[in-house]
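Each chain is listed here by its residues.
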Amino acid sequence: MPRKAIWRPAKAKEYPALGICVYCGATEGLEDEHILPESLAGDALVLPKSSCRPCASMTSAFEARYTKQSIGIFREVIGAPTKRPRKRKDNLGLWLADRVDGEIRPLGQKQDWDVDLVPGLYIALTMPLPAIISGAENTEALDCQLWTWGSYDPTFVSGFQEGGSVHVGSIHPESFLRMLAKIAHSFAIAELGISAFATLLLDIIKGNEPVSNRLIGCWHEEMPPSDALHEIRVDWVDGEVGRLLICSLRLFCATGSPRYLIVVGRDI
């Protein structure tokens, strides 16, 4: 599959201005909120006047930790959106490393590669179903595994036949899962309204609650690739703990990526 085919700009959806911060309730100094980070979907889903400046800075920080450190190179390779399109490069500098006794040791130097040769590595996580849905005992310890999808040019690999490694991305689980929580929370409010449910995700988004498997998890069946860029929806589900609002979210579906189930809130 051509790597550029992974990126197909999503159709924009317009929501009415909210006039209140969806994270803290402030009503002054509000900015437009990109429900899906702009670096993942451009202006596809924007909730006008719904995030105050301090909250926008907070969410931007953990979003950037994922979109830059984890999939920054992937985004360059597939031509995903950027706020600075004029800074796109024909060449990417990758950090070099050696592997000694199974351990990767950075060399502290970069090598430039043609962007069309650089591996497009998409990095995410897989997890069990949210504990609040499965009924599993919840602990503060996060149960997650690395999930990756890669596309590369054989010419690039041939340059490492005699050994050596390059760094193309890493993932910080807490930042990634806080980003998923933020997307689910703001999307549910955009679709249903700020008073339609009792929210459960704010403490995770703000970093006041440790990220665990209680509210965020994965659909347990393997998902085939899809032509959609990203998939997101919210549904009410009846369960043993009452009626729950669930956000189903999948990013870069052409990679066969995991489908996340995020428990947004309870019926009020």
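Reading the values: rules and limits
- Residues numbered from 1 in each chain as written.
- Predicted model: local features only at pLDDT ≥ 70, side-chain atom pairs only at ≥ 80, totals over all residues.
- Heavy atoms only, no water.
- Core = buried A, V, L, I, M, F, W, Y, C linked by side-chain atoms within 4.5 Å.
- Buried < 20%, exposed > 50% of the residue type's maximum accessible area, 1.4 Å probe, protein only.
- Helix = DSSP H or I, 4+ residues; strand = E, 2+ residues; numbered from the N terminus.
- Pairing = 2+ DSSP bridges.
- Phe/Tyr/Trp six-rings, centres within 6.5 Å; stacked < 30°, edge-to-face > 60°.

1. Thoughts on the nonpolar core
A general tendency of soluble globular proteins is for nonpolar side chains to be buried together.
Piece 1. Ranked by size, the top nonpolar core spans 64 residues in total, and within it Tyr122, Leu180 and Phe252 carry the most contacts.
Piece 2. Here this core takes 11 residues from helix H6 (residues 173-192), the largest share from any one element.
Piece 3. Within the second largest apolar cluster, nine residues are counted, among which are Leu92, Trp113, Val115 and Val168.

2. Observations regarding the sheet that holds strand S3 (residues 45-52)
Piece 1. Pairing within the open sheet is mixed, and its three strands lie in the order S1-S3-S2. Because the sheet does not close on itself, it has two edges, and the strands there are strand S1 (13-14) and strand S2 (30-34).
Piece 2. Examined bridge by bridge, S1 and S3 share two bridges and lie parallel to one another. Note on S3: the bridge partner recorded for Lys13 is Leu45.

3. A word on the packing of aromatic side chains
Here a ring pair, both rings aromatic, is described through the centre-centre distance and the interplanar angle of the planes.
Piece 1. Per the stated rule, a full pass over the model turns up six aromatic pairs.
Piece 2. Ring geometry for Phe176 versus Tyr260: centroids 5.7 Å apart, planes at 70°, classification edge-to-face. On the criterion of sequence distance, the pair formed by Phe176 in helix H6 and Tyr260 in strand S13 (residues 260-266) is long-range, its members being 84 residues apart. Across the pair, Tyr260 and Phe176 agree in class, each one buried.
Piece 3. What links up through ring pairs into an aromatic cluster is the set Phe74, Tyr122, Trp147 and Phe252.

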